[in-house]
Amino acid sequence: MKRGLKQKVYVAMSGGVDSSVAAALLKKRGFDVVGVFMKPWQPDSSSFCLWKEDREDAMRATSVLGIPFLTWDFSKQYKKSVTDYMVHEYKAGRTPNPDVMCN
């Protein structure tokens, strides 16, 4: 890192321990850390994906760390690349691995 210039790092914040500790360690090492929550897709009628609660947890973690917090809405991309792929594979009689498409 150049003297006087902090390198900006965006940390994907899930609200869990791993991402929170990663952000804290980066901040401690002098990076300009920004916490980012990535909003996934879920059906309007669904309550099984608790992204709102996860986002609140991430917001609390960034507040404690004293770093900025952003929410990036990837719901359209997630539905197209992950959910639609998974449904297509199930219909074709295959067992999909949505994590591969998500990552």
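Please read all numbers here as calculations on a predicted model, not as lab measurements.

(A) Broad picture of the nonpolar core. Formed by Val9, Val11, Met13, Ala23, Phe31, Val33, Phe37, Trp51, Ala58, Ala61, Leu65 and Ile67, the largest nonpolar core amounts to 12 residues. Only strand 1 (8-12), strand 2 (32-39) and helix 2 (51-65) provide two or more residues apiece to this core. Considering every element that reaches this core, the biggest residue donor is helix 2, with 4 residues. Ignoring any residue separated from it by four or fewer positions in sequence, one finds Val11 in contact with Ser19, Ala23, Leu26, Val33, Val34, Gly35 and Val36.

(B) A nonpolar patch on the surface, seen in detail. On the surface, a cluster of nonpolar side chains totalling about 450 Å² of accessible area is made up of Tyr10, Met38, Leu70, Trp72 and Phe74. Within the secondary structure, Leu70 is located in strand 3 (residues 69-73). Residue Leu70 is classed as partly exposed on the basis of its relative accessible area of 34%.

(C) The arrangement of the packing of aromatic side chains in detail. All chains considered together, the criterion is met by 2 aromatic pairs. A centroid spacing of 5.7 Å and a plane angle of 40° characterise the contact between Tyr10 and Trp72, whose relative ring orientation is tilted. Of this pair, Tyr10 sits in strand 1 while Trp72 sits in strand 3, placing them 62 residues apart in sequence. Centroid distance Trp72 to Phe74: 6.4 Å. Interplanar angle 80°. Geometry classified as edge-to-face. Every member of this aromatic cluster is reached through a ring pair, and the members are Tyr10, Trp72 and Phe74. Geometry around Trp51 places Lys39 over its ring, the cationic atom sitting 4.6 Å from the centre.

(D) The arrangement of the confidence of the model for the chain in detail. Confidence in the prediction for the chain averages 88 pLDDT; 89% of positions are at 70 or higher. The weakest mean pLDDT in the chain belongs to helix 4 (residues 98-102) at 72; the strongest belongs to strand 1 at 97.

(E) The side chain of Ser20, seen in detail. Within the element layout of this structure, Ser20 appears in helix 1 (residues 17-28). A polar contact of 2.8 Å, which involves the side chain of Ser20, links it to the backbone oxygen of Gly16. If near-sequence neighbours (up to four positions away) are discounted, Ser20 is found in contact with Met13, Ala61 and Leu65.

Conventions used here
- Residues numbered from 1 in each chain as written.
- Predicted model: local features only at pLDDT ≥ 70, side-chain atom pairs only at ≥ 80, totals over all residues.
- Heavy atoms only, no water.
- Core = buried A, V, L, I, M, F, W, Y, C linked by side-chain atoms within 4.5 Å.
- Buried < 20%, exposed > 50% of the residue type's maximum accessible area, 1.4 Å probe, protein only.
- Helix = DSSP H or I, 4+ residues; strand = E, 2+ residues; numbered from the N terminus.
- Contact = heavy atoms within 4.5 Å.
- Patch = residues over 30% accessible without salt bridge, like charges linked within 9 Å, V, L, I, M, F, W, Y side chains within 5 Å.
- Areas by Shrake-Rupley, 256 points an atom, 1.4 Å probe, with all protein chains shown as cover.
- Salt bridge = Lys/Arg side-chain N within 4 Å of Asp/Glu carboxyl O.
- Phe/Tyr/Trp six-rings, centres within 6.5 Å; stacked < 30°, edge-to-face > 60°.
- Lys NZ or Arg CZ within 6 Å of the ring centre and 35° of its normal.
- pLDDT = per-residue confidence, 0-100.
- Polar contact = N/O pair within 3.5 Å; in protein donor to acceptor, adjacent residues only side chain to side chain.

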